[in-house]
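Chain residues, written in single-letter form:
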Amino acid sequence: MITSLGRLLLDEQPNHPQALLERSRRSGRSMGSLARALETFFTAHGMAMATDQAERLAAGRRQRRIDAVPETLRPTVEAFADFMMRSRERARRAGTRPRSDGTIETALAIMRDLARFLAGERGKQDWALTDVHDVEAFLAGSPKARKRRLVVLGQFFRFARSRKIVLVDPTRGLTSRGPSGFTGATLTLDQQRVLFCRWTTGPAVHPREALLGMLALLHGASSREVKMLQTADLDPHARTTRLGDRPHPVPPDPASWAVLERCLAHREAQRTDNPHVMVTRQTKSGRGPASTAYVSHVLGACGFPPRMIRCTRLLDLVNTMDPKLVAAAFGMDPEATMIYLADHVDEGRLPAR
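Below or above, wherever it landed, is the structure these notes cover.

Some details on the environment of Asp134
Thinking step 1. In this fold, Asp134 is placed in helix α7 (residues 132-140).
Thinking step 2. As a C-alpha pair, Asp134 and Met49 span 85 residues in sequence and 48 Å in three-dimensional space.
Thinking step 3. Setting aside residues no more than four positions away along its own chain, Asp134 makes contact with Phe117, Leu118, Arg122, Lys124 and Leu129.
Thinking step 4. A distance of 2.7 Å separates polar atoms of two side chains, one belonging to Asp134 and the other to Arg122.
Thinking step 5. A polar atom in the side chain of Asp134 sits 2.3 Å from the side chain of Lys124.

Here we look at the nonpolar core
Side chains that are nonpolar tend, in soluble globular proteins, to be buried together.
Thinking step 1. Counting 32 residues, the largest nonpolar core has Trp199, Leu211 and Ile309 as its most contacted members.
Thinking step 2. When contributions to this core are tallied by element, the ones reaching two or more residues are α9 (189-201), α10 (207-219), α12 (254-269) and α14 (306-320).
Thinking step 3. Considering every element that reaches this core, the biggest residue donor is α10, with seven residues.
Thinking step 4. The residues contacting Trp199, other than those within four sequence positions of it, are Val205, Glu209, Ala210, Gly213, Met214, Leu217, Val259, Arg262, Leu299, Cys302 and Ile309.
Thinking step 5. Grouped together as the second largest cluster of nonpolar side chains are 30 residues, Val77, Ile110, Ala115 and Val166 included.

Re helix α8 (residues 146-162)
Thinking step 1. In this model α8 runs 24 Å from its N-terminal to its C-terminal C-alpha over 17 residues, within 8% of the 24 Å that 1.5 Å per residue would give.
Thinking step 2. Where α8 is buried, its residues meet α5 (74-94), α6 (101-120) and α7.
Thinking step 3. Once α8 finishes, Lys164 follows within two positions and takes phi at roughly 65 degrees, a positive value.

Observations concerning the packing of helix α4 (residues 53-67) against α5
Thinking step 1. Two elements in contact, α4 and α5, have axes separated by 9 Å at closest approach and are oriented at 155 degrees. When the axis of α4 is compared with that of α5, the two are roughly antiparallel. Between α4 and α5 lies a crossing whose hand is right-handed. In this structure, α4 uses Arg62, Ile66 and Asp67 to contact α5, whose residues at the interface are Arg74, Glu78, Ala81, Met85 and Arg88.
Thinking step 2. Per-class residue counts for the contact of α4 with α5 are three nonpolar, no polar and five charged.

Re the pattern of salt bridges
Thinking step 1. Enumeration according to the criterion identifies 17 salt bridges in this entry.
Thinking step 2. A salt bridge links Asp52 to Arg56; the nearest nitrogen and oxygen atoms lie 3.4 Å apart.
Thinking step 3. Looking at Arg56, the relative accessible area reads 49%, which means it is partly exposed.
Thinking step 4. For the salt bridge of Asp101 with Arg88, the shortest nitrogen-to-oxygen distance reads 2.5 Å. With Asp101 in helix α6 and Arg88 in helix α5, this residue pair connects regions lying 13 residues apart in the sequence.
Thinking step 5. Judged by relative accessible area, which is 7%, Arg88 ranks as buried.
Thinking step 6. When salt bridges that share partners are traced, they join Glu22, Arg25, Asp52 and Arg56 into one network.

Regarding a positive patch on the surface
Thinking step 1. A cluster of basic residues, Arg86, Arg90, Arg93 and Arg163, forms a positive patch at the surface.
Thinking step 2. With respect to the helices and strands, Arg90 occurs in helix α5.

Rules used in this analysis
Residues numbered from 1 in each chain as written. Predicted model: local features only at pLDDT ≥ 70, side-chain atom pairs only at ≥ 80, totals over all residues. Heavy atoms only, no water. Helix = DSSP H or I, 4+ residues; strand = E, 2+ residues; numbered from the N terminus. Contact = heavy atoms within 4.5 Å. Polar contact = N/O pair within 3.5 Å; in protein donor to acceptor, adjacent residues only side chain to side chain. Core = buried A, V, L, I, M, F, W, Y, C linked by side-chain atoms within 4.5 Å. Buried < 20%, exposed > 50% of the residue type's maximum accessible area, 1.4 Å probe, protein only. Expected span 1.5 Å × (residues − 1). Axes fitted to C-alpha atoms, helices over the stretch in contact; angles between N-to-C directions. Parallel < 35°, antiparallel > 145°, perpendicular 65-115°, else oblique. Left-handed = near helix turned anticlockwise from the far one by under 90°. Nonpolar A, V, L, I, M, F, W, Y, C, P; charged D, E, K, R; others polar. Salt bridge = Lys/Arg side-chain N within 4 Å of Asp/Glu carboxyl O. Patch = residues over 30% accessible without salt bridge, like charges linked within 9 Å, V, L, I, M, F, W, Y side chains within 5 Å. Areas by Shrake-Rupley, 256 points an atom, 1.4 Å probe, with all protein chains shown as cover. Lys, Arg positive; Asp, Glu negative; His and termini not counted. Charge placed at Lys NZ, Arg CZ, Asp CG, Glu CD.

This is the structure we're talking about:
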């Protein structure tokens with residue numbers, strides 16, 4: 001990187017920080033390690049503004065989803081994408097909650113799948129021909145995603161009706177009819193024991209996998225809480241740590257603290273100035289957290305996703321304690337913990353007849 005930087009400094013182009021940062025960027029989906037390092041250094045010292053790399057990548061993801069729509073149905077989906085982007089800008093100016101890039105991309109992916117379904121299986125090349133039976137058949141293909149898909153389809157067809165593209169909203173009157181409680185998969189007690197032994201006694205297990213797994217298994221930590229954890233959040237004397245937006249410090253158990261010390265030792269060996277506990281090869285030269293894509297694959301070797309492990313812990317806590325206490329400890333809304341309540345009454349807690 002220093003050699004490449006030297007070549008940029010010796011040419012006849014402008015060498016002020018902002019121009020240097022723009023010229024160091026590679027074309028394509030990745031701007032390169034040199035541009036990432038320069039961006040981190042220049043922005044930390046107030047010498048340049050951050051690049052629009054995230055916006056470029058998001059725009060590319062949106063365009064790929066639009067391009068995958070059949071050609072006859074594509075213009076309406078493209079107009080819907082422009083509508084969502086304009087709505088986001090209005091929400092930002094108004095100070096309300098704008099749609100995130102992920103929300104918009106998910107909506108476009110759902111419309112892409114519906115368009116392919118209509119063109120490939122129903123033989124329809126016009127949105128105006130879509131009826132309620134087409135929508136029901138599409139939703140039946142993925143019952144677990146019915147609620148999310150129906151929300152997006154309702155937004156799209158209301159938009160299309162306002163533009164006179166369709167005369168009738170085919171989603172009007174449809175309901176999700178999905179269960180309101182927790183329906184995800186959880187770990188058995190034996191599986192939890194196997195994972196605990198793997199992360200506390202397995203010498204070949206990577207420290208980052210053990211850290212994410214133990215904090216999720218015993219403390220219900222989310223992937224975001226673990227990837228945003230910094231060394232400044234740790235108190236070695238009190239043996240406590242701050243996780244995410246939780247209002248109180250979390251005192252890790254001895255096994256979790258030992259795993260945390262292993263991860264800190266691995267971080268120390270990387271000789272990095274990154275303040276985060278979980279530092280990867282891509283982030284050790286900067287100050288940002290590990291990417292969401294990386295964290296989602298950290299537990300790939302154990303065979304269970306982080307969300308499943310975390311939900312197992314939350315489900316156990318909510319059903320053995322007061323949900324309001326769990327919400328207060330985790331910094332969650334009380335309504336968020338109610339979905340983890342079991343749909344049965346513990347016979348042992350009923351008064352004797």
